[in-house]
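# Residue-level structural notes
Here is how the chains run, residue by residue.
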Amino acid sequence: MRDLDLSVVIVSWNVRQLLAACLDSLAADLARSQLAGEVIVVDNGSRDGTVELVRARYPWVQLIALAENRGFAAANNIGIARSRGQAILLLNPDTELRPGALAWLWRALWAAPHVGLVGARLLNTDGSLQSAGYRFPGYVQNLLDFFPLHPRLVGSRLNGRFGPGDGLSPFAIDHPLGACMLVRRTVVEQVGGLDEGYRYYSEEIDWCRRIRAAGWTILTAPAALVVHHAGGSTRQVARESFLQLHRSRARYFGRWHGPLVVRRLARLAELAAAWTALRARLARRPDLAERARLWREVAAIYRNAAACHEPT
């Protein structure tokens with residue numbers, strides 16, 4: 001029986017203190033919003049006392065304690081399957097909601113019948129803008145990732161970033177960052193959940209692409225402010241996360257753009273490896289030498305992915 005307005009699904013992995021701050025801010029804003037809601041925490045096999053903390057301090061939370069790390073996409077799907085709300089908020093554990101965030105997200109989602117998913121304006125820990133939304137990634141965005149020319153370009157529209165607009169009015173985007181996404185249940189029932197083949201990274205881009213293809217509009221609600229202490233989980237396994245980022249991108253570009261684009265990305269990674277190795281030799285910097293080795297591994301990821309997407 002679907003008798004709730006909102007279900008909040010949070011996937012955690014060894015971020016005990018960040019999760020506590022997230023749940024505290026969520027409880028306050030849920031009460032402020034007057035929405036009938038539930039909170040579901042899916043823990044991905046944490047070993048830092050997260051499960052014990054939730055059970056002791058947050059008895060109102062529905063806890064699903066997995067024995068192992070199933071990945072971000074799979075764990076979210078488990079939470080979605082348990083949920084009962086007419087809308088579902090996927091929320092990272094390294095976020096904190098500013099007062100009124102839920103109400104702004106809720107208004108934007110139900111502003112028109114074609115709106116299917118809404119993201120928040122994400123802020124860095126220092127209060128600066130982190131993200132208001134993105135265009136679907138293309139060649140320029142990848143080029144700037146492989147060869148970051150200047151921080152202003154990385155955060156610009158050239159790199160697919162949206163600004164906050166007037167700071168109040170919702171506007172259309174291609175996709176938000178996956179740290180905070182409010183989606184109608186009917187959308188999930190139509191397009192399905194997150195693709196578990198991504199494990200983590202790019203799953204929200206693929207999901208939003210499917211949602212857009214089904215005819216839904218995706219918005220950002222810039223008045224909904226959410227602090228995102230980015231990387232709380234992934235920095236624990238930084239090297240593997242860097243490689244996983246590119247495995248996910250290879251999957252995404254293979255699915256939506258085909259093997260030719262993936263081969264081009266492999267070539268870009270090879271060029272990034274060569275350029276980084278040259279800089280390492282000239283500057284005698286071991287850290288750059290390690291980065292060059294990583295780029296060579298990334299190139300192999302894209303080459304293998306291109307081969308998998310070749311027509312037989």
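Read on for an overview of the structure. (Residues numbered from 1 in each chain as written. Predicted model: local features only at pLDDT ≥ 70, side-chain atom pairs only at ≥ 80, totals over all residues. Heavy atoms only, no water.)

## Overview of the packing of helix H5 (residues 139–146) against helix H10 (residues 259–283)
Contact geometry for H5 and H10: axes closest at 10 Å, N-to-C directions at 20°. Relative to H10, H5 is oriented roughly parallel. Relative to H10, H5 is oriented so that their crossing is right-handed. In this structure, H5 contributes Tyr139, Asn142, Leu143 and Phe146 to the contact, and H10 contributes Arg264, Leu265, Leu268, Ala269 and Ala272. (Axes fitted to C-alpha atoms, helices over the stretch in contact; angles between N-to-C directions. Helix = DSSP H or I, 4+ residues; strand = E, 2+ residues; numbered from the N terminus. Parallel < 35°, antiparallel > 145°, perpendicular 65-115°, else oblique. Left-handed = near helix turned anticlockwise from the far one by under 90°. Contact = heavy atoms within 4.5 Å.)

## Considerations on the side chain of Ser12
Here Ser12 is to be found in strand E1 (residues 4–12). According to the relative accessible area criterion, Ser12 is buried, its value standing at 1%. Setting aside anything within four residues of it in sequence, one finds Ser12 in contact with Leu19, Val41, Val42, Asp43, Asn44, Ser46, Thr50 and Pro93. (Buried < 20%, exposed > 50% of the residue type's maximum accessible area, 1.4 Å probe, protein only.)

## Observations concerning the layout of surface pockets
Within this model, the second largest pocket holds a volume of roughly 190 Å³. What lines the second largest pocket is Asp145, Phe146, Phe147, Pro148, Phe242, Trp275, Thr276, Arg279, Leu288, Arg291 and Trp295. Elements with a contribution of two residues or more to the lining of the second largest pocket: H5, H10 and helix H11 (286–309). Among the residues forming the lining of the second largest pocket, the class breakdown is seven nonpolar, one polar and three charged. (1 Å grid on protein atoms, 1.4 Å probe; cavity = no way out; pocket = protein on both sides within 12 Å on 5 of 7 lines; lining within 4 Å. Points joined across faces, edges and corners; volume = space filled by probe spheres on them. Nonpolar A, V, L, I, M, F, W, Y, C, P; charged D, E, K, R; others polar.)

## Re the nonpolar core
Phe146 and Trp207 are the most contacted members of the largest nonpolar core, which totals 45 residues. One finds Leu26, Val39, Leu109 and Ala179 within the second-largest nonpolar core, a separate group that totals 38 residues. (Core = buried A, V, L, I, M, F, W, Y, C linked by side-chain atoms within 4.5 Å.)

## Quick look at the environment of Trp104
Mapped onto the fold, Trp104 is located in helix H4 (residues 101–109). By relative accessible area, Trp104 is classed as partly exposed at 32%. Sequence-distant contacts of Trp104, that is, excluding residues within four places in its chain, are made with Leu168, Ala221, Ala223 and Ala224.

## Digging into empty space enclosed by the protein
Empty pockets left among the atoms are what a rolling probe the size of a water molecule brings to light. Evaluated as defined, the whole model comprises one cavity of 30 Å³ or more. Every residue lining the largest cavity is listed: Ala120, Leu122, Ser131, Ala132, Gly133, Pro176, Leu177 and Cys180. Considered class by class, the residues forming the lining of the largest cavity number six nonpolar, two polar and no charged.

Geometric descriptors of this kind do not, in isolation, establish any biological role.
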